[in-house]
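# Summary of structural features
Residues per chain are reported as follows:
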Amino acid sequence: MANEFPQDLVDGYGRYLQKGYVRFREQQEQLAIYGQKPEVLVISCCDSRVAPEGVFHAGPGELFVVRNVANLVPPFEQTEGQHGTSAALEYAVRVLKVKHIVVMGHAKCGGVQAFRQNANAPLATGEFIGRWIKLLEPAAIAMACMPVDRLDDPQLAMEYAGVRQSLKNLRTFPFIDQACTDGSLKVHGAWFDIGSGELRVMDPETERFETCPGYEIIAAPQG
Ligand SMILES: [Zn+2]
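Residues numbered from 1 in each chain as written. Predicted model: local features only at pLDDT ≥ 70, side-chain atom pairs only at ≥ 80, totals over all residues. Heavy atoms only, no water.

This part covers the overall build of the protein chain. Looking only at helices and strands, one finds nine helices and six strands in the protein chain. Compactness check: the protein chain gives a C-alpha radius of gyration of 19 Å against a globular reference of 17 Å for 223 residues, within 12% of the reference. If you line up the protein chain on its principal axes, its C-alpha atoms span 55 × 50 × 45 Å. In the protein chain, buried positions account for 38% of the 223 residues. Sequence separation of 24 or more characterises 63% of the internal contacts of the protein chain that already satisfy a separation of 6 or more. Of the side chains in the protein chain, 21 bear a positive and 27 a negative charge, and the two mean positions are spaced by 1 Å. (Helix = DSSP H or I, 4+ residues; strand = E, 2+ residues; numbered from the N terminus. Rg over C-alpha atoms; globule rule 2.2 N^0.38 Å. Buried < 20%, exposed > 50% of the residue type's maximum accessible area, 1.4 Å probe, protein only. Contact = heavy atoms within 4.5 Å. Lys, Arg positive; Asp, Glu negative; His and termini not counted. Charge placed at Lys NZ, Arg CZ, Asp CG, Glu CD.)

Written as structure tokens, this is what we have:
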């Protein structure tokens, strides 16, 4: 192709037409006619290894997905600026009226790592990344108050803390807080381990992350 569109994408699109589109054709035609009505918004990292549609085995129209560096939700603010994540939240909650918001952190998150390494990481002071991951600062402060035994894996602890902070920030949006209060919306924390495929879901009472049911089947020793 003249513009050197990546061949891998051309090949992948061919496979999609043969398998994905054929499989979901009717569903996609319906979605095109009647519009989308996803019940779940997932906020996930840009990391290529943590695509929510893959983790939750979701087809077209099932998930409304926002992806950004380190799966962060900024607090509600009315300052000038291009608030991309907040715009997506507004659309999902006020227009689509999703019933659930899932903030999904993940293992080996480069955004969290950049924050932890502070000025030592090449992009921690970057024009955009540095400012964006500063959203993790309140999470780091909250984490510093935790018992030492929860900090034996500082990267993991920070990944969890980032999810907890994003859940708090979600409630600073008046339309989200209102929907949570009237029971029409629920917010959830989760964390995905790329290598093992384990998904952990945060218990809203204890704020601890517990293995999602189903994982034990593949986690059990074989033989
Ligand atoms: Zn990440």
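This is not the end of the story, as more comes after the structure.
Given a rise of 1.5 Å per residue, 12 residues ought to cover 16 Å, and the 16 Å separating the end C-alpha atoms of helix α3 (residues 84-95) matches this to within 8%. Every buried residue belonging to α3 is among Thr 85, Ser 86, Ala 88, Leu 89, Ala 92 and Val 93, and all of these are buried. Each buried residue of α3 sits inside an arc of 160° when the element is viewed along its axis, so together they form one side. Exposed residues pointing more than 90 degrees away from the buried face of α3 are listed as Gly 84 and Val 95. Structurally, α3 contributes buried residues whose contacts are with β1 (40-45), β2 (63-68), β3 (100-106), α5 (129-133), α7 (154-170) and α8 (174-181). Of the residues one or two after α3, Lys 97 is the one with positive phi, at around 55°. (Expected span 1.5 Å × (residues − 1). Arc of directions from axis to C-beta.)

So, about a nonpolar patch on the surface. Residues Tyr 13, Tyr 16 and Leu 17 make up a contiguous nonpolar surface patch of about 280 Å² in total accessible area. Here Tyr 16 shows up in helix α1 (residues 7-34). Note on Tyr 16: relative accessible area 32%, which makes it partly exposed. (Patch = residues over 30% accessible without salt bridge, like charges linked within 9 Å, V, L, I, M, F, W, Y side chains within 5 Å. Areas by Shrake-Rupley, 256 points an atom, 1.4 Å probe, with all protein chains shown as cover. Salt bridge = Lys/Arg side-chain N within 4 Å of Asp/Glu carboxyl O.)

Turning next to the UniProt feature "binding site: Zn(2+)" (unreviewed entry) in the protein chain. In the numbering adopted here, UniProt assigns the feature "binding site: Zn(2+)" (unreviewed entry) to Cys 45, Asp 47, His 106 and Cys 109. What stands out for the annotated residues spanning 65 residues is how close their C-alpha atoms remain, the widest pair being 9.0 Å apart. For Asp 47, the position within the fold is in the loop between β1 and α2 (52-55). Exposure remark for Asp 47: the relative accessible area of 14% places this residue in the buried category. Turning to its location among the elements, His 106 is positioned in strand β3. Ignoring anything within four residues of it in the chain, the contact list for His 106 reads Cys 45, Asp 47, Arg 49, Val 50, Asn 71, Glu 159, Trp 191, Phe 192 and Ile 194. (UniProt positions renumbered as here; feature names shortened; annotations may be inferred.)

Another aspect to go through is the coordination of the zinc ion. Around the zinc ion, the protein contributes the donor atoms Cys 45 (SG), His 106 (NE2) and Cys 109 (SG), which lie 2.0 to 2.3 Å from the metal centre. On the primary sequence, the residues serving as donors to the zinc ion are separated as C-x60-H-x2-C. Of this pair, Cys 45 sits in strand β1 while Cys 109 is found in the loop between β3 and α4 (110-117), placing the two residues 64 residues apart along the sequence. Both residues of the pair, Cys 45 and Cys 109, belong to the buried class. (Donors = N, O, S within 2.8 Å, 3.2 Å for Na, K, Ca; no water.)

This part is about the packing of aromatic side chains. Under the definition given, this model contains seven aromatic pairs. On the numbers, 5.9 Å between centres and 85° between planes, the contact of Tyr 160 with Trp 191 is edge-to-face. Here Trp 191 lies in strand β4 (residues 186-192) and Tyr 160 lies in helix α7, a separation of 31 residues in the sequence. With respect to burial, Tyr 160 and Trp 191 carry one shared label: buried. (Phe/Tyr/Trp six-rings, centres within 6.5 Å; stacked < 30°, edge-to-face > 60°.)

Either a parallel or an antiparallel arrangement is found when strands of a sheet pair, and the pairing is made through backbone hydrogen bonds. Reading across from one edge, β2-β1-β3-β4-β5-β6 is the order of the six strands in this open sheet, with mixed pairing throughout. Two strands bound the open sheet, and with one partner strand each, they are β2 and β6 (209-211). Recorded for the sheet is a direction-independent mean angle of 25° between the axes of neighbouring strands. Pairing between β3 and β4: seven bridges, direction parallel. Within β4, the residue paired with His 106 across the bridge is Phe 192. (Pairing = 2+ DSSP bridges. Axes fitted to C-alpha atoms, helices over the stretch in contact; angles between N-to-C directions.)

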